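The primary structure of each chain is shown beneath.
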Amino acid sequence: MALTGLQIQKLLPKTNCKECGSNTCLAFAMKLAAKKADLSQCPYASDEAKQVLGAASEPPVRCIELGTDRSLRVGGETELYRHEKTFVHQTAIAVNVSDTDSPEELERTLRLVREYELERVGEKLQVDMIAVTQRGGDPARFVSLCTRAQDVTHRPLVMRSADPGALVSAAAATKGARGVLAFATEQTAGVLSASARDNGHALAVTAPDLNGLAALTARLRGEGVNDIILHFETLSPAEHFQTNSIARRGALKDNFRPLGYPALKFVDRGHPLDETVGAVTEITKYGGICVLPSFNAAQIASLMTLRLNIYTDPQKPIQVEPRVYEIGEPGPDSPVFVTTNFSLTYFIVSGEIENSNISAWLVVPECEGMSVLTAWAAGKFTGNSIGKFIRDIGLEKTVSSREIIIPGYVAQISGELEENLPGWKVTVGPQEAGDLEGFVKARLHS
Ligand code: SF4
């Protein structure tokens, strides 16, 4: 059960020394209860406090670190809905290969997984994991494919086999790589949990229903196995959606530890639309790892874009550095545009200017990552602030042009901007970035 601030305070030294950054032990206890502080910030916490609070202060969904350098994290979630605060670790996207794939197909998929890169709003996105499934009867082939997949892609592995012996061998062959063994059942949990622990892997566990799964994870936790990943045996996307939601709600709202782990799903091979629906369901609610049945660049691009929308932190808008950007090869007399430093806005506006086949200067003042209208409403994108930014960076020394084009949505700041930039003409551009190309052709090429 979660502890209250007063319960936690009783476990603290009560000296109010402030070294944790809070004025009193009670204030620190309240932060701990709200999961806004970590017990390690108090240098005087007793062993008893560490033991009691250690368990109580874990996130309700355990964070599992994967990969040789432990840089891929899944789980660690604290909220049921993103808007309540933020989601912490996005669903890891994996691509599956099987030991029955042809050698050419295998090598091609591994290479595509390694080389795939998608750029969205300045972020470079890649396939996170590679999954290897044993479908044939040769354990040695499965094991060698696991090591090959790891060597080629340098991605954390999901190793899936119905043969516990093959999984044990694959776990040993990839020792220290921090992959996932899939799946342990009630019958195989003993041997597979020992293998996962000895070789530094996480263990995905499965059972016919949630009650069975909870009993199995509780048993493993009692045996000291902590890096657990849940696999739900469900019959339809609707059932999967429901089961995943029940598990997450139980972990977050009822602090039900046996279901407080990230989930793993293998999307069934089928019609691309059905595959995508399965993957979308997993990304939106509440998958930790989503394994796609094959490499499909269009599908992966769509899923990564969806994932970016869901897992960006609403409290920290993605932003670009405030400065003057060169579009093409602008000269002193090239036109000057201005927009905000919200990444999405910046990339759309700069892309549309590029599409217009002109070179230009794009002035991007500090707007705390807000879009044009939001920044204007918040007083961060005003004639005063834009004028000051342009004067501070000395734009007049770089450009001879004395005309600046502002977004049409903030036409009302043109007078104030002209007052702040004596000698400049302010031109109101289109409201929508998509109309920039037509605007440029009509105004600047005429
Ligand atoms: S550092 Fe520890 S003892 Fe000091 S005020 Fe914070 S909680 Fe209390």
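Residues numbered from 1 in each chain as written. Predicted model: local features only at pLDDT ≥ 70, side-chain atom pairs only at ≥ 80, totals over all residues.

### What to know about the overall build of the protein
Across its full length, the protein carries 17 helices and 17 strands. By principal-axis analysis of the C-alpha atoms, the protein measures approximately 80 × 65 × 35 Å. Within the protein, the proportion of its 446 residues that are buried is 40%. Across the protein, contacts joining residues at least 24 apart in sequence account for 63% of those joining residues at least 6 apart. (Helix = DSSP H or I, 4+ residues; strand = E, 2+ residues; numbered from the N terminus. Buried ≥ 20, exposed ≤ 12 C-beta atoms within 10 Å, placed from the backbone. Contact = placed C-beta atoms within 7 Å.)

### Quick notes on the environment of Ile-405
Counting through the fold element by element, Ile-405 comes out in strand S16 (residues 403–406). The buried category is assigned to Ile-405, around which 25 C-beta atoms lie within 10 Å. For the pair Ile-405 and Val-336, spaced 69 residues apart in the sequence, the C-alpha separation amounts to 6.2 Å. Not counting the four nearest positions on each side in its chain, Ile-405 is found in contact with Pro-335, Val-336, Phe-337, Thr-427 and Gly-429.

### Regarding the nonpolar core
In terms of nonpolar packing, the biggest core is built from 70 residues, with Ala-94, Leu-203, Val-205 and Ile-229 touching the most fellow members. What Ile-229 contacts, discounting residues up to four positions off in sequence, is Ile-64, Val-180, Ala-202, Leu-203, Ala-204, Tyr-261, Pro-262, Ala-263, Leu-264, Gly-288 and Ile-289. Among the nonpolar cores identified, the runner-up in size contains 34 residues, and Val-338, Val-364, Phe-389 and Val-410 belong to it. (Core = buried A, V, L, I, M, F, W, Y, C linked by C-beta atoms within 7 Å.)

### Details of the domain arrangement of the protein
Interface size is often expressed as the accessible area that is lost when the parts come together. Its domain assignment divides the protein into domain 1 (5–56), domain 2 (64–311) and domain 3 (323–444). Of note, the centres of domain 2 and domain 3, computed from C-alpha atoms alone, are 45 Å apart. (Domains from an automatic or database assignment.)

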